[in-house]
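# Notes for the structure review
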Amino acid sequence: MQFASRSYSADSISAVQELYHSNGWTDGLPIVPPTREAVQECLEWVMMPPDQLIGIEPVRGLAITAEKLAINAVMAGCLPMHFPVVVTAWTAMMQEEFLMHGATASTGGCAVLVILNGPIRLEIGASGSFNALANSDRATAVIGRAIRLCLINLLDDRPGVIDRSTLGHPGKFSYCVAEDEEDTTWLPLAEHRGVPKGASSVTVMAAGAPRQLMNEWTTKPEEILETFAAEMRANMRHYSIHPGNYALIIPKQLREHLQAGGWTKADVATFIHERARIHRREWAEVGKGAVVRDRGDSVYSAMDSPDQLLVVAAGGPAGGFGAVIPPWLGNKSYAVTLPIGVCVDCEPPKK
Amino acid sequence: MFEVLDPTPGTAPPAGRLAPRLDTLEGKTVGFISNGKEGTKGFFKHLDQILREEYGVAKVVSRTKSNYSAPADPHIVAEIKGWDAVVSGLGD
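Now for a quick tour of the structure.

Rules of the game
Residues numbered from 1 in each chain as written. Chains lettered and ligands numbered in written order. Predicted model: local features only at pLDDT ≥ 70, side-chain atom pairs only at ≥ 80, totals over all residues. Helix = DSSP H or I, 4+ residues; strand = E, 2+ residues; numbered from the N terminus. Buried ≥ 20, exposed ≤ 12 C-beta atoms within 10 Å, placed from the backbone. Contact = placed C-beta atoms within 7 Å. Axes fitted to C-alpha atoms, helices over the stretch in contact; angles between N-to-C directions. Parallel < 35°, antiparallel > 145°, perpendicular 65-115°, else oblique. Left-handed = near helix turned anticlockwise from the far one by under 90°. Nonpolar A, V, L, I, M, F, W, Y, C, P; charged D, E, K, R; others polar. Pairing = 2+ DSSP bridges.

## Points about the overall build of chain B
Helices and strands together make up the secondary structure of chain B, namely two helices and four strands. In chain B, the succession of α and β elements from N to C terminus is β-β-α-β-α-β. Along the first, second and third principal axes, the C-alpha set of chain B runs to 65 × 30 × 25 Å. Buried positions account for 13% of the 92 residues belonging to chain B. Within chain B, counting contacts between residues at least 6 apart in sequence, those at least 24 apart form 79% of the total.

## What to know about the packing of helix H3 (residues 66-76) of chain A against helix H4 (residues 83-93) of chain A
Residue and element names in this part refer to chain A. Put simply, H3 and H4 touch, their axes get as near as 10 Å, and they point 125° apart. Comparing their axes, H4 and H3 come out oblique. Handedness of the crossing formed by H3 with H4: right-handed. Of the residues in H4, those touching H3 at Ala66, Leu69, Ala70 and Ala73 are Phe83, Val86, Val87 and Trp90. Across the contact of H3 with H4, the residue classes tally to eight nonpolar, no polar and no charged.

## Let's talk about helix H10 (residues 252-260) of chain A
Since the α-helix packs 3.6 residues into each turn, any two residues three or four apart lie on the same face. All names here are of chain A. Every buried residue of H10 is listed here: Lys252, Leu254, Arg255, His257 and Leu258. Residues of H10 that are buried in the fold lie against helix H9 (221-238), strand E8 (246-250), helix H11 (265-275), strand E11 (309-313) and strand E12 (321-325). Positive phi shows up at Gly262, right after H10, with a value of about 85°.

## Quick word on the interface of chain A and chain B
Many authors give the size of an interface as the accessible area that is lost as the parts come together. Each partner contributes to the interface: chain A provides 31 residues, whereas chain B provides 17 residues. Listing elements by their share of the side of chain A that touches chain B, those giving two or more residues are strand E1 (7-10), helix H2 (36-46), H3 and helix H7 (138-154) of chain A. Considering only residue class, the side of chain A that touches chain B consists of 15 nonpolar, 10 polar and six charged. Here E1 of chain A pairs with strand E1 (residues 2-5) of chain B via four bridges, running antiparallel. Counted as the bridge partner of Tyr8 of chain A is Val4 of chain B from E1 of chain B.

## Some thoughts on the sheet that holds strand E4 (residues 111-117) of chain A
All names here are of chain A. The strand order across the open sheet formed by four strands is E5-E4-E6-E13, and the pairing between neighbours is mixed. Two strands bound the open sheet, and with one partner strand each, they are strand E5 (176-178) and strand E13 (336-339). Neighbouring strand axes in the sheet, compared pairwise and without regard to direction, differ in orientation by 20° on average. Running over the sheet, H4 touches E4, strand E6 (201-207) and E13 and is turned about 50° from E6. Seen against the sheet, H7 touches E4 and E5 and runs at an angle of roughly 140° to E5.

Here it is, written out as structure tokens:
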């Protein structure tokens, strides 16, 4: 297999590490050496030649090839079976509505949240159970890391270069979660978003850090969801009032109360849309009185419509916890869901 | 011995070319493209004054992007042809 990339020789594993760190090609953690063999295995898995065009980054016009994604995926620790997810996530990120350049360059410091649905989760061992939003398993850890290394190396999304984040958050190392489809009666997120039942898919969202909440003192769906809505209101007061895609991560303990009450994901979204609203005047209570101006009575919704809520069943079996994952900056970036492997000619999908 | 591959594009992205530098600002039209953030307001107001009063700029055209995180809107980009110079500013 012929590669376009320049190759380097290194005497030892530590020499490889120093080569990549000194060139600014890492996230600060050690990398897996991207040898020709390892990169070739990834490309063979997805049946793509090295120069396969995955897409053109819409703002700077950079051509993103399968070879470059594969090199970065190997560096992140991906096995060939993880690579289809990386390719699909990047295809999704290059859709115009995701606004990848803005989302990854912004001072707002969001990360790309990757949500996995469908049978591929089981094939690659991606777990949506214990520690779902963190180091739950190998697959989600390395896939999330691959997304970031690709951003660093392909788009120059290095801190202080294109990445102008003031703070960022730990999800910028890796931010990938698999939905726990086996342990819920709810429809998978991807099906809600139009992907046929049984297809594997990837959803990407420009996302802030998870805001964890707790309510183990009720079994009433309305009360449980009120805690989620309150956390969204807090985000609107303390961070951004812009409406957009929010994700709710609902682990089993709270999920079972909602399911027992007959609540579907659509019911959850409808309730949350009604409750996650604030008056502009509330900003005065949190030190932002200067921007209330004469519009204190205006009401703002966290989402334009219920279908902007991404409800995800994930988390360990015990604990009355949940999480709200807020958008980077409302509708400036829209979450994108794409099925894996349906693009037989591998052209970027057109709207 | 490891033989490892470069993870970067290796080539620079296609870049725009800077317009030739002006000999003078006297009598020229200067366009401002603001990203619309709070910090741009005072900056561009002050710059407008300096350009007119100290450099003899004939006309300042101010435009604000509809989305501060996205490239300038096509209608703003189309207007640039009528300007002699552009100042594109961030508010952060």
